[in-house]
Amino acid sequence: MKQILLILIASVFLTLGCTQSSIEDKTVVLPYKAFGPPSMSGHLLGVEWFQWQSHGDSRPREYPIKVVVYKDASLEELEAAYPIDEALEKDFRYVEYTAAINYFDKNVLEVEEMAKEGYPMGNLSNELEETKSLIVKALSN
C-alpha cells in the first residue's frame, strides 16, 4: 500500500513538473516596458498601472507588470502558471505570439517612418527589433 501511495505521489509531482516545463517552453515573460512606451503599447497590453486599479498612482511609480507572450498554450495554462494576484501585486498581461510579432512589425515601421520625418525616436526601433528577436528565438519550435 505504501508503494502504491509513493508511486501516486511521485507521478503527481512528475506530472506537475512536466506541465511547468511545458508551459515555460511555450512562453516568454518580459517587462511591460519591453513593448515600448505606453502610448504605443497600451492598445495591446492595457494600461501601464495594475489592471485592478481604476487609475494609476498620483505619484510616479514603477509598476512590476509582466507580459507573457505565448505560443500553443491555452488561457487556462497561462492563468495557472502566471496568476494575477492583487495582494502580491502580480500583474500579467497575456499576448499571443502572432499578435506580438504583428505588433512589433507594425510599430518598427511606424517608428522608422517618424524618424525619417524628423521626430526624435532615439533607439526605439532597435529596442523593438531586439525584443521581437528575443521572442522569436525563445518560441521558435
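As the structure is a prediction and not an experimental result, all values here were calculated from the model.

So, how was this worked out
- Residues numbered from 1 in each chain as written.
- Predicted model: local features only at pLDDT ≥ 70, side-chain atom pairs only at ≥ 80, totals over all residues.
- Heavy atoms only, no water.
- Core = buried A, V, L, I, M, F, W, Y, C linked by side-chain atoms within 4.5 Å.
- Buried < 20%, exposed > 50% of the residue type's maximum accessible area, 1.4 Å probe, protein only.
- Helix = DSSP H or I, 4+ residues; strand = E, 2+ residues; numbered from the N terminus.
- Contact = heavy atoms within 4.5 Å.
- Pairing = 2+ DSSP bridges.
- Axes fitted to C-alpha atoms, helices over the stretch in contact; angles between N-to-C directions.
- Parallel < 35°, antiparallel > 145°, perpendicular 65-115°, else oblique.
- Left-handed = near helix turned anticlockwise from the far one by under 90°.
- Nonpolar A, V, L, I, M, F, W, Y, C, P; charged D, E, K, R; others polar.

I keep staring at the nonpolar core and nothing clicks. Help me out?
Where a protein is soluble and globular, its nonpolar side chains tend to be buried together. In terms of nonpolar packing, the biggest core is built from 25 residues, with Leu30, Phe35, Val69, Leu128 and Ile135 touching the most fellow members. Secondary structure elements with two or more residues in this core: strand E1 (27–31), helix H2 (38–45), strand E2 (65–70), helix H4 (97–116) and helix H5 (124–139). The greatest single-element share of this core, amounting to 7 residues, is contributed by H4. Here Phe35 is in contact with Leu30, Met40, Ser41, Leu44, Leu45, Val67, Val69, Tyr103, Phe104, Leu128 and Ile135, once residues within four sequence places are set aside. Membership of the second largest hydrophobic core comes to 7 residues, among which are Ala73, Leu78, Tyr82 and Phe92.

Explain the pairing of E2 to me, please; I cannot follow it from the model alone.
Strand residues, when the strand is regular, have side chains that alternate between the two faces of the sheet. Of all 6 residues that make up E2, 5 are buried, and the element is covered over most of its length. Across 5 bridges, the pairing between E1 and E2 is antiparallel. Within E2, the residue paired with Val29 across the bridge is Val68. When E2 meets strand E3 (residues 91–96), the two strands line up parallel, connected through 6 bridges. Opposite Tyr70, over in E3, you have Glu96 as the bridge partner.

I would appreciate a short explanation of the packing of H4 against H5 in the present structure.
For any two helices packed against each other, the geometry is given by the interaxial angle and the distance between the axes. One way to put it is that H4 packs onto H5 with a least axis distance of 9 Å and a crossing angle of 160°. In terms of axis orientation, H4 runs roughly antiparallel to H5. Remark: the crossing between H4 and H5 carries left-handed chirality. Contacts between H4 and H5 pair Tyr97, Ile101, Phe104, Asp105, Asn107, Val108, Val111 and Glu112 from the former with Leu124, Ser125, Leu128, Glu129, Thr131, Lys132, Ile135, Val136 and Leu139 from the latter. Within the contact of H4 with H5, the residues separate by chemical class into 10 nonpolar, 3 polar and 4 charged.

Looking at this model, I keep getting lost on the environment of Leu139. Mind explaining?
By secondary structure assignment, the location of Leu139 is in helix H5. According to the relative accessible area criterion, Leu139 is buried, its value standing at 1%. If near-sequence neighbours (up to four positions away) are discounted, Leu139 is found in contact with Asp25, Lys26, Thr27, Val28, Val69, Tyr70, Lys71 and Tyr97.

How do you make sense of the side chain of Asn107 when you look at a structure like this?
Its location among the elements puts Asn107 in helix H4. Asn107 has contacts with Met40 and Leu128, leaving out every residue within four places of it along the chain.

Looking at this structure, how should I read the sheet that holds E3?
In a beta sheet, neighbouring strands are held together by backbone hydrogen bonds and run either parallel or antiparallel to one another. Strands sit in the order E1-E2-E3 across an open sheet of 3 strands; the sheet is mixed. Only two strands of the sheet have a single partner each, and these edge strands are E1 and E3. Across this sheet, the average inter-strand angle for adjacent strands is 25°, counted without regard to direction. Lying over the sheet, H5 contacts E1 and E2, oriented at roughly 155° with respect to E1.

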